[in-house]
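Residue strings, one per chain:
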Amino acid sequence: MTKTGGGPRPRGAWWREGAVTATAFVLCLLGGVVQVDDTLTAPPAAAYVIAVVSCAVLPLRRRAPLAALAATTASGVLVAPLGLLLSPLIVAPALITAYSYALTARTERRAAGAVLGTSVVLLVASTPLFGGVSWQDASRMGSVAAFPLMAGVLGHSVRNRRAYLAAVEERARRAEESRDGEARRRVAEERVRIARELHDLVAHQITLANAQATVAAHLFDIRPEQTRKSLRELVETTGHALDELRSTVGLLRQSGDTAGPAEPAPGLSRLPALLASFRSAGLEVSVEQEGTARPLAPGVDLTAYRIVQEALTNVTKHAATGTARVHLAWSRDRVTVTVADDGEGAVAVPGRPPGHGLIGMRERATAAGGQLSAGRRPEGGFLVCAELPLPPARPGGAP
């Protein structure tokens, strides 16, 4: 990138400046070939003086554009007194500085005023002081005055084009940053969702397996038949855990859509099977319903199921009790899911980090548009209560 200050400039910029200056010098000399009497001669010494003076300031037009424009305009004014014909060729340096000033001016008004002043000065300088004005003189005067204006308009157009492209690039950059941020946010949300699903799956199945293994170990010597039954249930539980874990990991590893229909997500319709699995692990669970049950949205149905599953898993792991109660209360616009127990609560194990069960349940309830509260009951035990939204009831009482 070319610097406009006092620092070093790239080698390519110096070559461009040299080419522009050399071209302007040649045009000045060609302008000096035509004399006032319309004869062609070799460029006189005055033409070389004008070319050298006006072209010497061209390399400064980016650092001091207004000063360079004033210097080249003053050189054009000296053309006629030196006996040369004022033409667009001999004032080529003034055209270049007019273009540069219009390209770099801070405001459009300053650029327009400077370029217009240059045109007026050159027009006055090209007007014959004595004698009439011929058509040839008029066309030459018009071209001398018009070319700086054309150069200024061109510079202004290029400036607007560059500003437009810069604005487009900036918008594209911000859009790209916005897309990257949105992608990172979605990835983070998906990671949390996957972690929550895996936690609920693994915690539930492993807790049941642990409970069944504990029962089998306790009854191994005194009740062999009950031990064999517990071991069979343990094999079934671990088999289900492996199947669900394999299915979840398979969904994560696939790159496209599944070829066959995926198994539907669990919901409250599978609540009896869920409670049966806890009963097989030694936890007696009672269920009560209040109000008329209504279909839930798939996401809310899965959330209600997972909250009951995680709450009962926590009872099995931490509550030191063999009973729990699940209560479903249906109202006009929400369903309230309550899981309560009469246990003594969790016992902290030194060195073991806290779990994520309550955090996951709150995240699920919030994502479904509901809320969850959990804490100890005044009469003893622990209570988990989730309020989840219901779809609006249709007219006539239809679900």
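Conventions we followed
Residues numbered from 1 in each chain as written. Predicted model: local features only at pLDDT ≥ 70, side-chain atom pairs only at ≥ 80, totals over all residues. Heavy atoms only, no water. Helix = DSSP H or I, 4+ residues; strand = E, 2+ residues; numbered from the N terminus. Buried < 20%, exposed > 50% of the residue type's maximum accessible area, 1.4 Å probe, protein only. Areas by Shrake-Rupley, 256 points an atom, 1.4 Å probe, with all protein chains shown as cover. Core = buried A, V, L, I, M, F, W, Y, C linked by side-chain atoms within 4.5 Å. Contact = heavy atoms within 4.5 Å. Pairing = 2+ DSSP bridges. Axes fitted to C-alpha atoms, helices over the stretch in contact; angles between N-to-C directions. Salt bridge = Lys/Arg side-chain N within 4 Å of Asp/Glu carboxyl O. Arc of directions from axis to C-beta. Expected span 1.5 Å × (residues − 1).

### Regarding the overall build of the chain
Argument step 1. Scanning the chain from terminus to terminus reveals 10 helices and five strands.
Argument step 2. Here the chain, with 399 residues, has 36% of them falling under the buried criterion.
Argument step 3. Of the roughly 23600 Å² of accessible surface on the chain, 62% is carried by carbon and sulfur atoms.

### Overview of the nonpolar core
Argument step 1. Among the nonpolar cores identified, the biggest contains 35 residues, and Val-308 and Leu-312 are the most heavily contacted of them.
Argument step 2. If you list the elements that add at least two residues to this core, you get helix 6 (135-218), helix 8 (271-280), helix 9 (298-318), strand 2 (323-330), strand 3 (334-341), helix 10 (357-367) and strand 5 (382-389).
Argument step 3. It is helix 9 that provides the largest number of residues to this core, a total of eight residues.
Argument step 4. In this view, Leu-312 contacts Leu-275, Phe-278, Leu-283, Val-285, Ala-324, Val-326 and Val-339; residues no more than four positions away in its chain are not counted.

### A look at the sheet that holds strand 1 (residues 284-290)
Argument step 1. If you trace the five strands from one edge of the open sheet to the other, you get 1-2-3-5-4, paired in mixed fashion. Only two strands of the sheet have a single partner each, and these edge strands are strand 1 and strand 4 (371-376). Going from strand to strand, the sheet's axes swing by 10 degrees on average, the running direction of each strand aside.
Argument step 2. With seven bridges connecting them, strand 2 and strand 3 associate as antiparallel partners.

### Let's talk about the pattern of salt bridges
Argument step 1. Going through the model one piece at a time under the given rule, you end up with 13 salt bridges.
Argument step 2. Among the ionic pairs, Glu-17 bridges to Arg-61, the shortest N-O distance being 2.7 Å. Taken together, the residues Glu-17 in helix 1 (residues 11-33) and Arg-61 in the loop between helix 2 (45-56) and helix 3 (65-77) connect sequence positions 44 residues apart.
Argument step 3. The salt bridge involving Glu-387 is made with Arg-334; its shortest N-O contact spans 2.6 Å. A residue pair is termed long-range when its members are at least 10 positions apart, and Glu-387 in strand 5 and Arg-334 in strand 3 qualify at 53 residues.
Argument step 4. Relative accessible area serves as the criterion here: at 24%, Glu-387 is assigned to the partly exposed category.
Argument step 5. A residue is classified by how much of its surface remains accessible, and Arg-334, at 33% relative accessible area, is partly exposed.
Argument step 6. Linked through salt bridges whose partners overlap, the residues forming this network are Glu-170, Arg-173, Arg-174 and Glu-177.

### Notes on the pairing of strand 3
Argument step 1. In terms of residue burial, strand 3 counts as a mostly covered element, since seven of its eight residues are buried.
Argument step 2. What sits between strand 2 and strand 3 in their antiparallel hairpin is a turn of three residues.
Argument step 3. As judged from the eight bridges shared by strand 3 and strand 5, these two strands associate in the antiparallel manner. By the bridge assignment for strand 5, Val-337 is matched with Ala-386.

### Here we look at helix 10
Argument step 1. Of the residues making up helix 10, those classed as buried are Gly-357, Gly-360, Met-361, Arg-364 and Ala-365. Viewed end-on, helix 10 has its buried residues packed into an arc of 130 degrees, placing them on one side of the element. Residues of helix 10 that are exposed and point over 90 degrees away from its buried face: Thr-366 and Ala-367.

### Some words on helix 4 (residues 92-104)
Argument step 1. For helix 4, which comprises 13 residues, the first-to-last C-alpha distance of 19 Å matches the rise-based estimate of 18 Å (1.5 Å per residue) to within 8%.
Argument step 2. Along helix 4, 10 of the 13 residues are buried, which leaves the element largely enclosed by surrounding structure.
Argument step 3. Regarding helix 4, the residues found buried are Ala-92, Pro-93, Ala-94, Leu-95, Thr-97, Ala-98, Ser-100, Tyr-101, Ala-102 and Leu-103.

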